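# Tertiary structure, described
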Amino acid sequence: MKSSSAKPNLWRYIAWLGPFLTLMGLSAGVVSGTWGALPLSLLGFGLVILIGSFLVSAQQQNLWQQRSTQSGANALIATIAVVVLLAVINRVAVINSLQVDLTENQVFSLAPQSVQVAKALDRPVKVWVFDNSNSETNLTTLRNYQRLSGGQLTYEFVDPREQPDLARRLGVTAIGDVVLEYDGQTQSLQTLQRSPSDQQAILSESRLTNALARLGDDRQSIVYVIQGHGEYSLDQISQAVDRLQERNYTTQPLNLAERLAQGQPAIPPDANVIVIPGPRQGFFPPEVAALDQYLTEGGSVLMLAAYETPDTDASLAPLWEKWGVSLDPRLVLDGAGGGGVMGVDQSTGGVVGFGPTAPLVTRYGSHPITAEFGSGNSFYPESRPVVLNAPEAVEATALLLTNDQSWAEADLENKLGYNEGEDLQGPLTLGAALRRDRPAAATPDTTPEATPEAAPEATPEATDPEEATPPDTTPEATPEATSDTPPDTAAAAIDTAAPLEPRLVVVGNANFIANGIFNQQLNGDVFTNAVIWLSQRDDQVLSINPKDPTNRRIEMTTTQSNFVGLLSTVLLPLLGFGLCGVLWWKRR
């Protein structure tokens, strides 16, 4: 009897060593900062003693046979199972992360264009943000770039007052400057705005993406904007000009008649794209001939039409007929956005806010210009339909399509509504892209006279290298290129001089690129992507331009701010307590 009673007392004293040794092991590991042999040994012995004492105590008291023990064990097992399940789900979520951005302009996620540019980075790039406050929005944007670029893009926030030498080296002049550094070069990106009226300290995804897209690209494409026929001036479309400048395009005005009068070529030889933004007067025949020759030789033209311009239509008709495209004189009305097909009220703003004369477009053709638009919105105040009847040599694609409730109105004087036989029922085409095959590389001025006669005889026997070219024409065909120009240089010159593909984009509207409308919805993206496609810079990303967050801050005076504070902290809580008191009194 004495031995049996002594054993439980012995285990009771030994059990106290368990938590003591466990606490000693944890303390030694935490204090030393290293989990060596001593902390792990103490921790292990302590846990063994704790488990052993628990098992002995349970056996002596028949703990396993009690109903409470079984219920507790089942609850413990269920709890462990739930914890393990949550851990597995959390681990899977970490490995396969899925983020849903519910903000208005997708502030916390990158636009498709930014994703493509970040993934295509092939060199280390660092973004220096000289700001003493780390905005969570800016951190999220830069982290997304870093993750998508595979670590090629890094970033660092710096207080210029603490590191003046670094700020001086990178040319920083103010707090908030953002600088891009790559290949030993620096480029000023923007200055984070901190004035009360501007968006505060927000890094522009648009500017960063455009800067990354043109890294190492020294090409400077020139876009000439036709003037002299009542078109939009560069000041009136300054937002479009700025967007092109961000994409490394130089925009200059061009008066065709003025250059012809001075004896110069109507279109400069360095022109990459010609933009005609809403002409309202007719073109002179020599101007039309110059545009026709420019297109024939591989040029690119963006034609943005204005409404009620019969003289312009008549003067350019011979040019457009070769491409199988024309502009209908009727005005496009949007029944869905303006109050219905019948009895449209012009004073109604509709969905867009400009009334029924601004058709809303959510349908886009399958083309690189509109590839990433999906069902996004764009609108075109005072538009005309584009009619396509392209010949076999021209490939035409409808870009902008109106909804089924739209129509082209012929009579604006009487009550508006679709009249069969007079009006044109939707859906209508508001914009189209057209292209032709490249013209022949050889021209009459550079080809020797013997070539036309030699070519028919050489073609059938081209497989014989000795008979493919007559011996008399070989030394005279390229006398200077073989003697003065190395073979590699000559080949490069031929490739550079190769004619481009004639391309034409016609939109029955020019108002969508005007200041104030350009940056709304996808209007600016339609114009920018059209210019990029026309310039035939196929290595550039064609996608939706990244959207900057909308400024939704409310500007209030001191009195208004104090009233809002009083309302939220005093009046509304008192109102809640008062309602609770009324309910208590009624139920008393």
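Here's a quick rundown of the structure. The structure displayed is predicted, hence computed values, not measured ones. (Residues numbered from 1 in each chain as written. Predicted model: local features only at pLDDT ≥ 70, side-chain atom pairs only at ≥ 80, totals over all residues. Heavy atoms only, no water.)

What follows deals with the packing of aromatic side chains. Enumeration over the complete set of coordinates arrives at six aromatic pairs. Centroid distance Y155 to F157: 6.3 Å. Interplanar angle 85°. Geometry classified as edge-to-face. Where W584 meets W585, the ring centres are 6.2 Å apart and the plane angle is 55°; that geometry is what we call tilted. Its relative accessible area of 56% is what places W584 among the exposed residues. (Phe/Tyr/Trp six-rings, centres within 6.5 Å; stacked < 30°, edge-to-face > 60°. Buried < 20%, exposed > 50% of the residue type's maximum accessible area, 1.4 Å probe, protein only.)

This brings us to the sheet that holds strand β17 (residues 424-425). The strand order β10-β16-β17 describes an open sheet built from three strands, whose pairing is antiparallel. Each end of this open sheet is capped by a strand with a single partner; those strands are β10 (331-334) and β17. (Pairing = 2+ DSSP bridges. Helix = DSSP H or I, 4+ residues; strand = E, 2+ residues; numbered from the N terminus.)

Counting 39 residues, the largest nonpolar core has L302, L304, L400, V505, F512 and F527 as its most contacted members. Elements supplying a minimum of two residues to this core: β5 (221-226), α9 (238-246), β7 (273-277), β8 (300-304), β15 (395-401), β18 (429-435), β19 (503-507) and α18 (523-535). Of the residues forming this core, the biggest block, seven residues, is contributed by α18. Those residues in contact with F527 that sit more than four places away from it in its chain are A240, L244, V275, L302, L304, F512, I513 and F518. Counting 31 residues, the second-largest nonpolar core is a separate cluster that includes F283, L319, L327 and V506. (Core = buried A, V, L, I, M, F, W, Y, C linked by side-chain atoms within 4.5 Å. Contact = heavy atoms within 4.5 Å.)

Considering all chains together, one arrives at 14 salt bridges under this definition. Notably, a salt bridge pairs R243 with D525, separated by 3.5 Å at the nearest N-O pair. Placement of R243 in helix α9 and of D525 in helix α18 is noted, with a sequence separation of 282 residues between them. Here R243 matches D525 in class, with each residue buried. A single salt-bridge network, built from bridges that share partners, covers E395, R435, E501 and R503. (Salt bridge = Lys/Arg side-chain N within 4 Å of Asp/Glu carboxyl O.)

What follows concerns the pairing of β19. Of all five residues in β19, five are buried, a share of seventy percent or more. Because side chains alternate across β19, one face comprises the buried residues R503, V505 and V507, and the other comprises L504 and V506, equally buried. Judged from the five bridges that link them, β8 and β19 form a sheet pairing that is parallel. Note that in β19 the partner of S300 across the bridge is R503.

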